[in-house]
Amino acid sequence: MTIDGQTVEIENERNVLELIRKAGIVLPTFCYHSELSIHGGCRMCIVEDDRGSLIPSCSEEPRNGMIIHTNTRRVRRYRRNILELLLANHSRDCTICFNSGNCRLQELARSFNISSIRFMNTAHSPHMDHSSKCISKDPNRCILCGDCVRICNEVQNVGAIDFAHRGSDMHISTPFGVPLAESVCVGCGQCAAVCPTGAIIVKNDINKVWRALDNQETFVTVQVAPAVRVALGQEFGLGDGENSIGYIVAALHRLGFDKVFDTSTSADLTVIEESREFVQRLQSWHDMPLFTSCCPAWINYVEKHYPEIMPHVSTCRSPMQMFASVLADEYRKVPGKRHVHVAIMPCTAKKFEAARDEFVTDGQPNVDFVLTTQELVQMIRQSGILWEDLEPEGVDNPFSVYTGAAVIFGVTGGVTEAVLRELADDHGPTALKKLAFVGVRGQDGLKETKITVGGKELSIAVVSGLGNASALIEDLKSGVRKYHFVEVMACPGGCVCGAGQPVVPLSHRAARGKGLYSADLLTSIKRSEDNPLMATLYDGLLKGRNHDLLHVHYPGHKGHHNHAA
Amino acid sequence: MKLTSRADLKEARQIFSRALQLQETKILVCAGTGCIAGGSLIIRDKINELLKAKSLPVTVEMADEPHDKEINIKSSGCHGFCEMGPLVRIEPQGFLYIRVQLEDCEEIVNETIVAGKHIPRLAYTFEDKMYPKQDEIPFYRQQTRVVLEHCGHIDATSVKEYIGVGGYSALEKALFELTPDKIVKEMSDSGLRGRGGGGFPVGRKWAEVQRQKNKPKYVVCNGDEGDPGAFMDRSIMEGDPHRMLEGMIISGIACDASEAYIYVRAEYPMAVNRLKLAIEQATDIGLLGDNILGSNFSFKIKINRGAGAFVCGEGSALTASIEGKRGMPRVKPPRTAEHGLFNQPTVLNNVETFANVPEILNRGANWYNKYGPAKSPGTKAFALTGNIRNTGLIEVPMGSTLRTIIYDIGGGIPGGAEFKAVQIGGPSGGCLTTDDLDLPLDFDSLKKAGAMVGSGGLVVMDSNTCMVEVARFFMNFIQNESCGKCVPCREGTKRMLMILERIVSGRGNIGDLDLLLELADTVSNTALCGLGKTAPNPVVSTIRKFRDEYLAHIVDKRCPGKVCAKMRRYYVDPELCKGCSKCAQACASAAITGKVKESFSIDLSKCTRCGACINTCKFSAIKEGW
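Fair warning: this is a prediction, and the values are worked out from it, not measured in the lab. (Residues numbered from 1 in each chain as written. Chains lettered and ligands numbered in written order. Predicted model: local features only at pLDDT ≥ 70, side-chain atom pairs only at ≥ 80, totals over all residues.)

## Considerations on the overall build of chain B
Stated precisely, the cut-off is as follows: The secondary structure listing takes helices from DSSP runs of H or I that are at least 4 residues long and strands from runs of E that are at least 2 residues long, numbered from the N terminus. It is over C-alpha atoms that the radius of gyration is taken, and the globule rule equals 2.2 Å times the number of residues to the power 0.38. Residues with at least 20 neighbouring C-beta atoms inside 10 Å of their own are called buried, those with 12 or fewer are called exposed, and the rest are partly exposed, where every C-beta is derived from the backbone. Here, residues touch in the contact sense if the C-beta positions derived from the backbone fall within 7 Å of one another.
Summing up its helical and strand segments, chain B has 25 helices and 20 strands in all. Expected size for 626 residues packed as a compact globule is a radius of gyration near 25 Å; at 28 Å, chain B falls within 12% of this value. Based on the C-alpha atoms only, the size of chain B along its principal axes is roughly 95 × 65 × 40 Å. In chain B, which comprises 626 residues, the proportion classed as buried is 55%. Counted over contacts in chain B with a minimum sequence separation of 6, partners at least 24 positions apart contribute 71%.

## Concerning the interface of chain A and chain B
The figure often quoted for interface size is the accessible area lost as the parts come together. For clarity, the cut-off: Any residue outside Ala, Val, Leu, Ile, Met, Phe, Trp, Tyr, Cys, Pro, Asp, Glu, Lys and Arg is labelled polar, Gly included; the first ten of those are nonpolar and the last four are charged.
Between chain A and chain B, the contact holds 26 residues from the first and 24 residues from the second. Counting only elements with at least two residues in the side of chain A that touches chain B, the list comes to strand 4 (54-56), helix 2 (73-88) and strand 7 (162-164) of chain A. When residues of the side of chain A that touches chain B are assigned to their parent elements, the largest contribution, six residues, is made by helix 2 of chain A. Across the side of chain A that touches chain B, the residue classes break down as 14 nonpolar, seven polar and five charged.

## Observations regarding the sheet that holds strand 18 (residues 456-464) of chain A
Residues and elements named next belong to chain A. We apply this condition: Should DSSP find at least two bridges between two strands, the strands are regarded as paired.
Spatial ordering of the open sheet is given by 12-19-18-17, a layout of four strands whose pairing is mixed. Each edge of the sheet is formed by a strand with only one pairing partner; in this case those strands are strand 12 (290-291) and strand 17 (446-453). Alignment of strand 18 against strand 19 (residues 485-489), held across five bridges, turns out to be parallel. Considered in strand 19, the bridge of Ile 460 is made with Phe 485.

## Focus on the domain arrangement of chain B
All names here are of chain B. Under the convention used in this document: Bear in mind that the domain bounds are from an automatic or database domain assignment.
Assigned domains within chain B: domain 1 (18-137), domain 2 (159-368), domain 3 (379-462), domain 4 (467-554) and domain 5 (568-625). On a C-alpha basis, the centres of domain 1 and domain 3 stand 31 Å from each other. Contacts between domain 1 and domain 3 engage six residues on the former and six residues on the latter. For the side of domain 1 that touches domain 3, the residue count by class is four nonpolar, one polar and one charged.

## Observations regarding the pairing of strand 18 of chain A
Residues and elements named next belong to chain A. Put simply, the test is: With its strands directed away from the observer, a crossover is right-handed exactly when the path from the first strand over the helix to the second travels clockwise.
In the sheet, strand 17 pairs with strand 18 via eight bridges, with the strands oriented antiparallel. Residue pairing across strands places Leu 446 opposite Val 463, the latter belonging to strand 18. Hairpin connection between strand 17 and strand 18: a loop of two residues separates the two successive antiparallel strands, and Gly 454 in this loop has a positive phi of roughly 55 degrees. Traced from strand 18 through helix 16 (residues 466-478) to strand 19, the parallel crossover comes out right-handed.

## Notes on the sheet that holds strand 3 (residues 46-49) of chain A
What links the strands of a sheet is backbone hydrogen bonding, and the strands pair in either a parallel or an antiparallel sense. Residues and elements named next belong to chain A. Sheet architecture is open: five strands sit in the order 2-1-5-3-4, paired in mixed fashion. Strand pairing shows two members of the sheet lacking a second neighbour, strand 2 (6-7) and strand 4, which therefore form its edges. By the bridge criterion, two bridges tie strand 1 (residues 2-3) to strand 5 (residues 67-69) in an arrangement that is parallel. Paired with Thr 2 across the bridge in strand 5 is Ile 67.

## So, the environment of Arg 276 of chain A
Note on placement: Arg 276 of chain A falls in helix 8 (residues 263-284). The sequence separation of Arg 276 of chain A and Glu 422 of chain A amounts to 146 residues, and the corresponding C-alpha distance is 9.4 Å.

## So, the pairing of strand 10 (residues 218-224) of chain A
All names here are of chain A. Along strand 10, five of the seven residues are buried, which leaves the element largely enclosed by surrounding structure. Sheet topology places strand 10 next to strand 13 (residues 338-345); seven bridges connect them, and they run parallel. Across the sheet, the residue bridging to Val 224 is Ile 344, located in strand 13. Direction of pairing for strand 10 relative to strand 11 (residues 259-262): parallel, over a ladder of four bridges. Residue pairing in the sheet places Val 224 in a bridge with Asp 262 of strand 11.

## Quick look at the packing of helix 2 of chain A against helix 20 (residues 512-526) of chain B
Stated precisely, the cut-off is as follows: Lines fitted to C-alpha atoms define the axes, with helix axes restricted to the stretch in contact, and inter-axis angles between N-to-C directions lie between 0 and 180 degrees. In these notes the angle categories are as follows: under 35 degrees is roughly parallel, over 145 is roughly antiparallel, 65 to 115 is roughly perpendicular, and the rest is oblique.
Where helix 2 of chain A contacts helix 20 of chain B, the two axes come as close as 10 Å, and the packing angle between them is 105 degrees. Compared by their axis directions, helix 2 of chain A and helix 20 of chain B come out roughly perpendicular. Judged by residue contacts, Tyr 78, Asn 81 and Ile 82 of chain A of helix 2 of chain A engage Thr 522, Asn 525 and Thr 526 of chain B from helix 20 of chain B. Within the contact of helix 2 of chain A with helix 20 of chain B, the residues separate by chemical class into two nonpolar, four polar and no charged.

## Things to note about the domain arrangement of chain A
Residues and elements named next belong to chain A. Segmentation of chain A into domains returns domain 1 (2-71), domain 2 (86-202) and domain 3 (207-550). Of note, the centres of domain 1 and domain 2, computed from C-alpha atoms alone, are 26 Å apart. Of the residues that constitute the side of domain 1 that touches domain 2, the class distribution is five nonpolar, four polar and one charged.

## Description of the packing of helix 18 (residues 467-481) of chain B against helix 22 (residues 537-545) of chain B
Residue and element names in this part refer to chain B. In contact at an axis separation of 8 Å, helix 18 and helix 22 are set at 170 degrees when each is read in the N-to-C sense. Between helix 18 and helix 22, the angle falls in the class roughly antiparallel. Between helix 18, through Met 467, Val 470, Ala 471, Phe 474 and Met 475, and helix 22, the contact on the second element is made entirely by Pro 538, Val 539 and Thr 542. In the contact of helix 18 with helix 22, the residues fall into seven nonpolar, one polar and no charged.

Written out as structure tokens, the structure is:
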């Protein structure tokens, strides 16, 4: 087929748009995402054929002998008019928009040189939704491309939002227009990650953290999740997936944090606790299979969509909350400055988790504030710290040791691999290395593996993306599938693709997972139990209290009691 | 009674047909929506009561044991002459009584039923000529009724009557004489094109579905007639539901589908009820359900009520709506024939299309395509509304001219006004003017003229109509009914509406026409579905044909049709004004000033055209002008 005079071979392209991209031409689009169904709403990808017919390239099947022109006077005019129409109904206060500089509408308006709009601005909807702890929704910035609707329904199978009303009254709404916080939204934030404008943004808690840092009467500690280190650097010119933990720690020290820790340390605790729980359940055979519990959006999903399977979910607190319990015990029990704990996470749902009643002790949340990777980027920029001038630094004592098993928590399959290292009969380095190849690594939404431990064959599944999780639950219910252990991460690809991370195209995300596996290679200890700090903790602070400090009973769990009451 | 074989059906037809013949007098009271609103059902009951009181052998349903001299009162489908309703037709004489009132019933019974005499005062009279018989009335004489053949002539609520007049014989033929290929070929040969607006050849559509390997397949009937001023499909569903069901069953045989849906708008409650009843009757008698007439063909029809979204008349939005999803068109390809309802191959035609099917099979493709031009054969039902004498439902051969429809059938424009334009094809169509009076109305000619047949709504407008306001009306409709999915339709029509609103309120700029045309070009070329692609048509065609009217609004701030309220001007006649200042006191916007005992004046830039001053002036000194 011929595109702008070039002959292009048709291979497996699903539509003309993909073929045009292959020909080295990137057409402007708002609603096209290869991982989502074809919407065909923005009409920006329209092209002209040799007979002058206009074809939306995203929904047209490539045919032999087709002749396409992607940049004619007509299509340029139509694209310009469409942009102008969108801008006429858009809140154009770009300077105060969180997504300014990262907005497709802004980018295209600039490249089409739209300097005046012939229509009155009508973006005056009063219906903003700030109810969720994770995200905010502003219809005045929404261009109704439906990307959020499709990711919420098709990829995540959450169904919290859809189009409502018709014509120019159309907007994105929860069922019956209830606030997001009261809807079935799980806070995964994938809608915000996919939004081409600033219509859905992640809640921002930077000012609260600055206030804590400014206060001389506070002792501020911070923990950094594994996934953050392989994404944040991208914003400062590092390559895809490059590990920047040393710089991050240095930056956090410079920002004024009194102690900087790595969530990987508490992930080791999680591995140990979860492995024990698994072995116990396996022996007494109750509530099998066991589902992991690290992911807060997954916990929300279970609560709102599948409450009946909560008994199957591990009672382990997430690594963030395990660390927070330990730190609260360490720093809040002694007289002195008020302890404030901040967590840097790749995740939007962590903001919700931090505020849960279950994790509030004596009126203070164990984690006072959660910042996303993007918010930390913003703080570093605000402070004026020059990234290039930073020298890498290490995390602080007394919680400075972590293993390779913990650092891979941030990628789908990481938790499972860490647990397998724990359970494996042979602890030798070769045997542990082999675990990488049993089928738990990679970006697939559903990975299955069988492994023999202690003479028993265990059947294990790893899912990422809630849509995959719900399909798996349905299969378990109908008996099509049977497992002993299931790892679930709400975001496709795991935490490295969390909605709090800098937004990059799908193709770049795999590098982040690889970055974590490289970080694992650099560690000297591969199994969580071999972490010497663990013995110290179990013999000290956690002695006799590990269940109280490291486990949680959500509604639906046995032993749950109402914290709010 | 359950018919389990072809012989059963033939026998039943004989019985029912004989019963119809034995009914010596038939009183057909129109039970279409319009006439019911006029009280036709009360009239029917009154006549029944009066006849009973006289101990005459009156029946309201087909009797099981018919005898001669029987008087049968029927609730018929729409007779079409809605302007003159409630209508009562009396057979065997063929009298048509118009605008019948409850008080007239006694006279009808005594004079006509008992004595067999005509009542002149209830007859239709036009230009001093009285027309006692229905067939002689010019409104009917000029029509060719194929699809509407039974509307007004049989009981719309009786499957027996439908069978008695030859109904379901096409189904019989399709089941026992024709192969699916033969049926599809007959449809192709007939040249029948979809009556829903697109005009896609029915034979080709059915053949495409027939070719699909994927099963199950579905038949879907589009009864979501949403164009303002269109009621053809409603009248068929209400007046001759079995004809449409028969067409649907035949398409099921042709395409190997055994499940069907009828998507009717919930605003048509009577159509829904009549269809429900018809499906029930057909199922009871064995013409729907498993193993129809003993064959191995099974077919079931479900009714799905639409919640009133105009866009649900679009194929993919309609199937989405049946599936329980938001009624929003999707990108095509794939077409509905391949991936339609529940993603399965689907035959999707509208009511009138299906209603054409039985007669084509009965009489053959050659009979059918002798009506109308070669590329648009057959007849077409139109709903005639607006500023026309004979509002109603008509059917003419494709290719008839507007002149025939408006003057011969429609009786011309009432009230001494002149014909100005007709909006054809609803909000997706365009307007035709005096220049187009001799244009043949068929798919291709109309497309050339910038209009479209659409579903068949004809809204006639006289010289007192403002074409800018008409364009604004349709744009407002489209803007409200756009699903909102694609940017050009959602945002483009909104802006076009805002510009039109600006123009009719006297705030138009000279650049507005170019801006309107530019937006129209963008919307019609880039919108996702048919609704959006055709949305600018009313604006473009009115600008093309009535540019001077637009300019009068924009430049002179004047509405030649004297319609746009904001264009009205008030002025004080200095000869009559006594300078009493009453008007100035009444004016809420302080637009009237002057010295007492001298003539006052009105500042039009401040005047809100509320009319308060006119009402207070005792000397009629304040005048209204345009």
